[in-house]
Amino acid sequence: MEKASIEKAEEWIARSAKGDHLAFAEIVREHQSMVFSMAYHFLRDRGIAEELAQEVFFHLHQNMDSIKSPAHLTFWLRKVTSHRCIDQTRRQKVRPQVSLDDVPEPSSFSPPADPMLSRMLERMVTTLPEKARMVVLLRYQEDLEPAEIAELLDMPVNTVKSHLRRSLAILRDKLTRCFGEAQV
Amino acid sequence: MSRIDDELRLIYGRKEPSPDFTGRVMQQIAARQTVAPQTVAPPVSKKSLWQTLRETVEMPPFRPKLRLAAAGLAACLLVALFAGQYARREAPAAGGPEVAAQAGSPSGTTGKADGGEEIIPAGNVRPAATTPPRATARKHAHNIARSNKRVREEPIDEKALAEGNAAKEKVMLALQIASSTLNEAQRIVQGDSRRGDR
């Protein structure tokens, strides 16, 4: 983040903590994409994801006093969103249980940039367990290191690494079964 | 980096929520902030039962009627309490003979008489600590006096009177016979002793 933008973010945080709604709206605008994307990629439902993101920002508004810096704000939002996503999935069981038998077999050989592969991968990721799915999401959406993910999800770094390794192995295996060695 | 990494980065690209998302968030916050103060109830100080009763009675529209009702209720309660105590006190005396009959029954079990007095079979001994001895003696004397008074007050039947007189004559006759027999026996004993002296 640039120095000017960091200063601006600090000002928004300070003003929001004092009850400035305009400053808080700026914070929402700045981070809504991150929060919504996390919720959407995890829950695969736009409506539920928007509701969850709204709840996260409402919770942030109530806890603005505890936010110390822009980095802390980002960390706080990621942490709250990831925990709420996992809770939501466990509560409503919205995670679609897509088995490999339900995934249609490709009828012909596809080129590497085929969107079918992306769609297939997307569906396969939803079959992973909640925590493993969140680890993959934070790694590839937010580009976080295993240590940062471990801090966010309150788990050991080695567990994060093993989640990542196992998830990628599962996905690779499934894709290989669907597309063959050449594709993956 | 493998192909699967690239694909995952591609599918996990940032997505934007609906354009009015920020506005909705701010509206929701404003709505909850306006609702919150109304829903928070003012702190209620705890009142004792007596305070609540007093305040209810002192409410202006109901004041005279409620006071009268309370006084009436209290009087009724007092009368009922007194009557109950009196009935309880009188009950053991009225049920005396029944209690005695039950005490001699072959079942030999301990029970309660109508008057509330505990019946104790002949073999059983009441523990000394249950009632103080002075009170028991006073109660017993009271019961005897009451039963004597009841016997005196009963009207005398003529047939029973005749039977009583006949029985009295028989007893007197038997006493006379016994007396004469005793006299004869004494005379004989005295005659024998005189003859022996000679």
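See above for the structure.
Residues numbered from 1 in each chain as written. Chains lettered and ligands numbered in written order. Predicted model: local features only at pLDDT ≥ 70, side-chain atom pairs only at ≥ 80, totals over all residues.

A short note on the overall build of chain B
- Helix and strand counts for chain B stand at 7 helices and 2 strands.
- Going from the N terminus to the C terminus, chain B shows its helices and strands as α-α-α-α-α-β-β-α-α.
- When each of the 198 residues of chain B is scored for burial, the buried share is 4%.
- For chain B, the share of sequence-separated contacts (at least 6 apart) that also reach a separation of at least 24 residues comes to 22%. (Helix = DSSP H or I, 4+ residues; strand = E, 2+ residues; numbered from the N terminus. Buried ≥ 20, exposed ≤ 12 C-beta atoms within 10 Å, placed from the backbone. Contact = placed C-beta atoms within 7 Å.)

Observations concerning the interface of chain B and chain A
- Contact residues are listed per partner, giving 21 residues for chain B and 29 residues for chain A.
- For the side of chain B that touches chain A, the elements supplying multiple residues, two or more each, are α1 (3–11) and α2 (21–39) of chain B.
- The element that contributes the greatest number of residues to the side of chain B that touches chain A is α2(B), accounting for 8 residues.
- Of the residues in the side of chain B that touches chain A, the class split is 10 nonpolar, 3 polar and 8 charged. (Nonpolar A, V, L, I, M, F, W, Y, C, P; charged D, E, K, R; others polar.)

So, the packing of helix α5 (residues 115–125) of chain A against α1(B)
- Close contact between α5(A) and α1(B) brings their axes to 10 Å; oriented N to C, the two are set at 80°. When the interaxial angle is binned, α5(A) and α1(B) end up roughly perpendicular. Side by side, α5(A) and α1(B) meet where Leu117(A), Ser118(A), Leu121(A) and Glu122(A) of the first sit next to Glu7(B), Leu8(B), Leu10(B) and Ile11(B) of the second.
- Residues that form the contact of α5(A) with α1(B) fall into these classes: 5 nonpolar, 1 polar and 2 charged. (Axes fitted to C-alpha atoms, helices over the stretch in contact; angles between N-to-C directions. Parallel < 35°, antiparallel > 145°, perpendicular 65-115°, else oblique.)

Here's the deal with the nonpolar core
- Counting residues in hydrophobic clusters, the biggest one holds 44 residues, and the most contacted among them are Ala39(A), Ala53(A) and Leu137(A).
- In terms of residues, this core owes the most to one element, helix α2 (residues 21–43) of chain A, which gives 10 residues.
- Taken together, domain 1 (1–95) and domain 2 (98–184) of chain A each give at least three residues to this core, which thus spans both.
- In this structure, Leu137(A) is in contact with Met38(A), His41(A), Phe42(A) and Tyr12(B), ignoring residues within four places of it in sequence. (Core = buried A, V, L, I, M, F, W, Y, C linked by C-beta atoms within 7 Å. Domains from an automatic or database assignment.)

Points about unusual backbone geometry
Residues and elements named next belong to chain A.
- If you check the backbone angles, Asp143 has positive phi at about 60° while not being a glycine.
- Mapping Asp143 onto the fold places it in the loop between α6 (130–140) and α7 (146–153).
- The phi angle at Asp154 is positive, at roughly 55°, despite the residue not being glycine.
- Residue placement: Asp154 occurs in the loop between α7 and α8 (157–179).
- The exposed category is assigned to Asp154, around which 8 C-beta atoms lie within 10 Å.

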